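So you can see what is in the structure, the chains are spelled out below.
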Amino acid sequence: MNQTCPKRDTIVIYGASSPHVDAVFKEQAFELGALLAENGRSIVTGAGMTGLMASVEEGALSRGGRVTGVIPQFMVDNGWQHDGLSEMIVTADMHERKSTMASMADACVALPGGTGTLEELFEIITWKMLGLFVKPIVILNTDSYYNPMLEMLDRTVERQFMTPYFKQLWSVATTPGQVLELLDSTPDWHSDRRKIHKDYLK
């Protein structure tokens, strides 16, 4: 694996749209957005106006950061977008939204979330496993939210549905400050599919 760690300028963030979550989740999302902006990082989100998406967006904007929202047309038609972002990119559908966000990413961070966030996280992990995405993936495990999911991933290794090698595809932080540390210390993955297949068969 390439051990150099390029600067991560543009950070894609996945996270809940639910406005009903406990305050600790919103507080850490806001803090992460603020820290990223203070460190000169741009943020790309799903452009949501509620939940942790809104919290991280508002945290970054409160520190003068740049936030780009990527959102499908049907969500705009329903008025679900945050209208105070630096830039809005409107896509034809959800698939284009996700591929656009991934193409912009120097790293991806998953905040706690529901099925949409889990789907985005597992898809980008799968892309990385296949060598289609090589950047860091960091999971912010606020209030141990992701513990059951991480235990399930351990189970996929224990039952030999996944090789232990692929547990390097993501890293886990418990605070926003740790997210920044991991962004700057995690090297790019490799995209040699022959090597990936060989490692998978170990």
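Refer to the preceding data block for the structure.
Please read all numbers here as calculations on a predicted model, not as lab measurements.

Chemist: Residue-level account of a nonpolar patch on the surface, with values.
Modeler: Among the surface-exposed residues, Phe 74, Trp 80 and Met 94 lie close enough to one another that they form a single nonpolar patch of about 290 Å² accessible area. Positionally, Met 94 belongs in helix 4 (residues 94-104).

Chemist: Got a sec to walk through helix 7 (residues 176-185)? Specific residues and values, please.
Modeler: Residues lying three or four places apart along an α-helix face the same way, a consequence of the helix completing one turn every 3.6 residues. Turning to helix 7, its buried residues are Pro 176, Val 179, Leu 180 and Leu 183. With its buried residues spanning 95° around the axis, helix 7 presents them on a single face. Those residues of helix 7 that are buried lie in contact with strand 1 (10-14), helix 1 (23-38), strand 5 (107-110), strand 6 (137-140) and strand 7 (171-173).

Chemist: Residues and numbers for the pairing of strand 5, please.
Modeler: Residues Ala 107 and Val 109 point to one face of strand 5 and Cys 108 and Ala 110 to the other, with burial holding for every one of them. Of the pairings in the sheet, the one linking strand 1 to strand 5 comprises four bridges and is parallel in character. In the strand pairing of strand 5, Ile 13 is matched with Val 109. Chirality of the crossover, the property in question, places the unit of strand 5, helix 5 (residues 115-129) and strand 6 among those that are right-handed.

Chemist: Can you lay out the pattern of salt bridges for me, pointing to particular residues and giving the numbers?
Modeler: Per the counting criterion, the structure on display carries nine salt bridges. Residue Arg 63 is joined to Glu 38 by a salt bridge in which the shortest nitrogen-to-oxygen separation is 2.7 Å. Of this pair, Arg 63 sits in the loop between helix 2 (51-62) and strand 3 (67-72) while Glu 38 is found in helix 1, placing the two residues 25 residues apart along the sequence. Judged by relative accessible area, Arg 63 falls into the partly exposed class, the value being 42%. The residue Lys 98 makes a salt bridge to Glu 119 at a minimum N-O spacing of 2.4 Å. With Lys 98 in helix 4 and Glu 119 in helix 5, the pair connects residues that are 21 residues apart, well separated along the chain. We classify Lys 98 as buried; its relative accessible area is 10%. One salt-bridge network, in which partners are shared between bridges, spans Arg 8, Lys 135 and Asp 188.

The rules behind the values
Residues numbered from 1 in each chain as written. Predicted model: local features only at pLDDT ≥ 70, side-chain atom pairs only at ≥ 80, totals over all residues. Heavy atoms only, no water. Patch = residues over 30% accessible without salt bridge, like charges linked within 9 Å, V, L, I, M, F, W, Y side chains within 5 Å. Areas by Shrake-Rupley, 256 points an atom, 1.4 Å probe, with all protein chains shown as cover. Salt bridge = Lys/Arg side-chain N within 4 Å of Asp/Glu carboxyl O. Helix = DSSP H or I, 4+ residues; strand = E, 2+ residues; numbered from the N terminus. Buried < 20%, exposed > 50% of the residue type's maximum accessible area, 1.4 Å probe, protein only. Arc of directions from axis to C-beta. Contact = heavy atoms within 4.5 Å. Pairing = 2+ DSSP bridges. Right-handed = clockwise from strand over helix to strand, strands pointing away.

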